[in-house]
Amino acid sequence: MNERVTAERVSHIISAEIPNKEAEPSPYLCVKYDAHINVECSNSIKAIAYVTKYVNKGCDRVLFSKTTKDGTVNEIKNFQEARYINANEATWKIFGFDIYKSYPPVSSLDLHLEGENEVFYDENSSKGTVTAKAKQDTQLTAFFKLCAKSDEKFVSTLYYHQMPQHFCFDKAHSVWRERKGNTFSLGRIRAVSTKTVELFYLRLLLTHKAGPTSFEDLRTVEGVTYPSYREAVKALGLLSDEETWKTTILEIINHTNDRYRLRETYASMLVFSDLDDQSGIWEEAKDLFASDFLHQNNLTEYNEEIYLDALDDIQKHVWNCGGGLITTYGLPASRGGEKTSNVIRREKSYNKEKLKKQVQSKQDLLNDKQRQVYDVVMYRVNNQQKYENNGIFVNAAGGTGKSFILNMLLDTMRSEGKMALAVASSGIAATVLNGGRTAHNMFKIPLMECNEIRGCSVKKNSELAKLLEMASLIVWDEIVMANKNTLTALDITLRDILGNERFMGGKVFVCAGDFRQILPVIRGGGKCDELEHCI
């Protein structure tokens, strides 16, 4: 198992050959080669420039050779073959070895909007040092500058992800420099979610527009500079085909009568697809989207109220997917959709009837101690004003059912139409809770020094403040991992927002954990520091 990894071993597992011209004519056209040119090339930039020149004349293969002073012709081994890899990009690649039979390194490339590049600095750095770093070129802005200043026509044919094949980035001077010798690397632009709309379309443009000289140039299509990257993508005709999504929706309609799932799928399509006009499907199939509401109301004809019921449900699913108002996707407005924030809509979007059935089915599964916790918490929720302190800590070893009882409490509250917030100290723990998020994300807990104490970043009249006011129950799992100052920050915030000096502003606050597991991690601290900052 400790054998050395060599090119031969990798090639034995991963290998690709040139398709047979007679047996596989279509694949062969992607890597065809025929012509030969005798040129004298001093570097890869000039060599590829020659390739581009002759490709435009219809040549399919270029073998490079060099004529020496005594008249002999020697093949340049480093540029032995030029293979046409992608017919759509009209780009020729020159390698000193076969890319299909090698194991090249991968270079990760920066991606950011204009003026939003990340700046890494040491905590002891001066303000001047940080400012200087912020002004340095990133891989992306240096790429723009190279495309703008270079005299080599070849550079203007390069896409951003192709840069590491021919250049390496000099971090010290923030510039791209031509690679020397046989070094080679594949470029990879980091993945981006469609939720970050402009960054997503910026990435798409970088993979479809060669030689851009600036962010503005990237948004320019046929002489027109568009205000957003999405509009530029639309102008290039790169948005998804609406017919594909229509087919998907129709398949769901033909194979299931579950209109709830149909609206859920449509909401996902609205948020995560990149259709030019996303409202067309709604207009064509709105009767099908709303058919279950028609039957629930014992009606025989559709009306605006029935359609609004369907739009309300679609809006709910869009919020759950992290999207915005459905009006931004071209759909009509839902009831009150313009008035309620994402975070509140998310907490109000639970299916009460479904949760009631789940709670009823799990009641008999509670053991005696879980039942005791359940009863105490529910009593406190219904009698908050009787107690000075409504904080409850559930201490139990891992694997004994803490998450089960916490989810039971959350489902019960939500099935009754009450607001229940679920958080955990880590992202992994948060995924175990129904509707769970990290405490820092939910409550906007600031990053603080070990002994620093201050409130959360929540303004009194903000939507988050309204959500905290509406909450009847707050659940915090794996709290023993949290620095006690984060708990204090939430306590300060709730007392301030609610105008109530009781613990957590009088809210029923249920936290759970196991002190035999991980305690707070204190940078540079030891066991005593961990105990000092534990709740």
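Shown above is the structure to which this text applies.
Residues numbered from 1 in each chain as written. Predicted model: local features only at pLDDT ≥ 70, side-chain atom pairs only at ≥ 80, totals over all residues. Heavy atoms only, no water.

*Asks:* Got a minute to help me understand the overall build of the protein in this structure?
*Replies:* A tally of helices and strands in the protein yields 23 helices and 15 strands. When the 535 residues of the protein are sorted by exposure, 43% land in the buried category. The contacts in the protein between residues at least 6 apart in sequence include a share of 62% that link residues at least 24 apart. Of the roughly 29200 Å² that the protein leaves accessible, carbon and sulfur atoms contribute 50%. (Helix = DSSP H or I, 4+ residues; strand = E, 2+ residues; numbered from the N terminus. Buried < 20%, exposed > 50% of the residue type's maximum accessible area, 1.4 Å probe, protein only. Contact = heavy atoms within 4.5 Å. Areas by Shrake-Rupley, 256 points an atom, 1.4 Å probe, with all protein chains shown as cover.)

*Asks:* What is the right way to look at unusual backbone geometry in this model?
*Replies:* Trans peptide bonds make up the majority, and among non-glycine residues the majority have a negative phi. Not every positive phi belongs to a glycine, and Glu478 is a case in point at roughly 55°. Its place among the elements puts Glu478 in the loop between strand E14 (471-477) and helix H22 (484-498). The backbone of Met504 sits at a positive phi, close to 55°, despite the residue not being glycine. Relative to the helices and strands, Met504 is located in the loop between H22 and strand E15 (508-513).

*Asks:* Help me understand the sheet that holds strand E11 (residues 391-395) in this model?
*Replies:* The pairing of strands in a sheet happens through backbone hydrogen bonds and is either parallel or antiparallel. Ordered by their spatial adjacency, 5 strands build an open sheet running E11-E15-E14-E12-E13, and the pairing between neighbours is parallel. One side of each edge strand has no neighbouring strand; the edge strands of this open sheet are E11 and strand E13 (437-438). Both strand E12 (residues 419-424) and E13 contribute to a ladder of 2 bridges, which runs parallel. Bridged to Val423 within E13 is Arg437. Seen against the sheet, helix H21 (residues 463-470) touches E12 and E14 and runs at an angle of roughly 100° to E14. Each of E14 and E15 is contacted by H22, which is oriented at about 170° to E14, the strand it contacts most. (Pairing = 2+ DSSP bridges. Axes fitted to C-alpha atoms, helices over the stretch in contact; angles between N-to-C directions.)

*Asks:* I keep staring at the packing of helix H11 (residues 259-272) against helix H12 (residues 280-289) and nothing clicks. Help me out?
*Replies:* Between two packed helices, the angle of one axis relative to the other and the distance separating the axes together describe the packing. For the pair H11 and H12, interaxial distance at closest approach is 11 Å and the crossing angle is 160°. Relative to H12, H11 is oriented roughly antiparallel. For the pair H11 and H12, the sense of crossing is left-handed. Mapping the contact onto sequence places Arg259, Leu262, Arg263, Tyr266 and Met269 in H11 and Ile281, Trp282, Leu288 and Phe289 in H12. By residue class, the composition of the contact of H11 with H12 is 7 nonpolar, no polar and 2 charged. (Parallel < 35°, antiparallel > 145°, perpendicular 65-115°, else oblique. Left-handed = near helix turned anticlockwise from the far one by under 90°. Nonpolar A, V, L, I, M, F, W, Y, C, P; charged D, E, K, R; others polar.)

*Asks:* How do you make sense of the packing of aromatic side chains when you look at a structure like this?
*Replies:* Aromatic ring pairs are described here by two measures, namely the spacing of the ring centres and the angle between the planes. Scanning the entire structure with this criterion turns up 13 aromatic pairs. Centroid distance Phe144 to Phe215: 5.0 Å. Interplanar angle 75°. Geometry classified as edge-to-face. One end of the pair, Phe144, is in helix H5 (residues 139-149); the other, Phe215, is in helix H8 (residues 215-218), and 71 residues separate them in sequence. Exposure class is identical for Phe144 and Phe215. Each is buried. Ring plane angle 45° and centroid distance 6.4 Å describe the contact between Phe443 and Trp476, whose orientation is recorded as tilted. (Phe/Tyr/Trp six-rings, centres within 6.5 Å; stacked < 30°, edge-to-face > 60°.)

*Asks:* I'm lost on the nonpolar core in this one. Help?
*Replies:* Within soluble globular proteins, side chains that are nonpolar generally end up buried alongside one another. Membership of the largest hydrophobic core comes to 33 residues, with the highest contact counts inside it found for Phe143, Tyr160, Met163, Trp176, Leu202, Leu206 and Tyr229. Residues contacting Leu202, with those up to four places away along its chain left out, are Leu111, His112, Leu113, Phe215, Leu218 and Tyr229. (Core = buried A, V, L, I, M, F, W, Y, C linked by side-chain atoms within 4.5 Å.)

*Asks:* I tried to follow the pattern of salt bridges on my own but got confused; where do I start?
*Replies:* Any two side chains of opposite charge can pair if their charged atoms end up close together. Per the counting criterion, the structure on display carries 16 salt bridges. A salt bridge links Lys286 to Glu283; its shortest N-O distance comes to 4.0 Å. Within this pair, Lys286 and its partner Glu283 are both found in helix H12, separated by 3 residues, close to a single helical turn. Residue Lys286 is classed as partly exposed on the basis of its relative accessible area, which comes to 24%. Bridged by salt links that share partners, the residues Arg263, Asp292, Asp313 and Lys316 form one connected network. (Salt bridge = Lys/Arg side-chain N within 4 Å of Asp/Glu carboxyl O.)

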